[in-house]
Amino acid sequence: MAIIINIDVMLAKRKMTVTELAERVDITIANISILKNGKAKAIRLSTLEAICKALECQPGDILEYRADEDEE
């Protein structure tokens with residue numbers, strides 16, 4: 001996938017655990033893990049907003065675009 005989700009980077013910068021983020025965002029740890037591991041196919045804007053609020057960051061701090069190697 002060409003969209004990389006950098007939740008783990010932001011969690012480390014904020015010294016926050018996955019459990020704490022899940023509680024603040026009110027989603028399951030499993031769903032945070034799916035996002036973190038790049039297995040998610042979509043994310044609701046309301047979820048992205050809640051994650052940004054909890055991590056005190058911008059969507060661009062979490063989402064990154066990388067061209068697929070076969071597209072280059």
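Overview of the structure. In this numbering scheme, every chain counts its residues from 1 along its sequence in written order. With pLDDT at 70 or above as the cut-off, local features in this predicted model cover only qualifying residues; side-chain atom pairs require 80 or more to be listed or tallied, and sums for whole chains, interfaces and linings still use all residues. Water and hydrogen atoms were dropped before computing side-chain values, which therefore reflect all heavy atoms in the structure.

Comments concerning the packing of helix α2 (residues 18-25) against helix α3 (residues 29-36)
Direction vectors running N to C along α2 and α3 enclose 110°, while the axes themselves pass 9 Å from each other. For the element pair α2 / α3, the angle class is roughly perpendicular. When the axes of α2 and α3 are compared, the crossing they make is right-handed. From α2, Val18, Thr19, Leu21 and Ala22 reach across to α3, where they touch Ile29, Ile32 and Lys36. Any residue outside Ala, Val, Leu, Ile, Met, Phe, Trp, Tyr, Cys, Pro, Asp, Glu, Lys and Arg is labelled polar, Gly included; the first ten of those are nonpolar and the last four are charged. Class assignment of the residues belonging to the contact of α2 with α3 gives a composition of 5 nonpolar, 1 polar and 1 charged. What counts as an axis is a line fitted to C-alpha atoms, over the stretch in contact for a helix, and the angles between N-to-C directions run from 0 to 180 degrees. Strands here mean DSSP runs of E at least two residues long; helices mean DSSP runs of H or I at least four residues long; both are numbered from the N terminus. Here is the rule for angles: anything less than 35 degrees is roughly parallel, anything more than 145 is roughly antiparallel, 65 through 115 is roughly perpendicular, and the remaining ranges are oblique. Here a crossing is taken to be left-handed if its near helix is turned anticlockwise relative to the far helix by less than a right angle, and right-handed if that turn runs clockwise. Note on contacts: a residue pair is in contact if any heavy atoms of the two residues lie within 4.5 Å.

Quick word on unusual backbone geometry
Of note, Lys15 is a non-glycine position whose phi angle comes to about 55°, a positive value. With respect to the helices and strands, Lys15 occurs in the loop between α1 (7-14) and α2. Positioned with a positive phi, Asp26 is a non-glycine residue whose angle comes to about 65°. Among the secondary structure elements, Asp26 is positioned in the loop between α2 and α3. Working definition: with a 1.4 Å probe on protein chains only, accessible area under 20% of the residue-type maximum means buried, over 50% means exposed, and in between means partly exposed. A relative accessible area of 68% means that Asp26 is categorised as exposed.

Some points on the nonpolar core
Here, the term nonpolar core denotes a set of buried Ala, Val, Leu, Ile, Met, Phe, Trp, Tyr and Cys residues that are joined through side-chain atoms within 4.5 Å. Within the largest apolar cluster, 19 residues are counted, with the highest numbers of intra-cluster contacts made by Ile7, Leu11, Leu21, Ile51, Leu55 and Ile62. Counting residues per element, this core draws most heavily on helix α4 (residues 45-55), at 5 residues. Those residues within four positions of Ile62 in sequence are excluded, and the remaining contacts are Ile4, Ile5, Asn6, Ile7, Met10, Leu48, Ile51, Cys52, Leu55 and Cys57.

With respect to α2
Among the residues of α2, Val18, Leu21, Ala22 and Val25 are the ones counted as buried. Buried positions in α2, seen along its axis, are confined to an arc of 100° and lie on one side of it. Close packing links the buried residues of α2 with α1, α3 and α4. Of the residues trailing α2, Asp26 is marked for its positive phi of about 65°. Relevant arc is that of directions from the helix axis to the C-beta atoms, nothing else.

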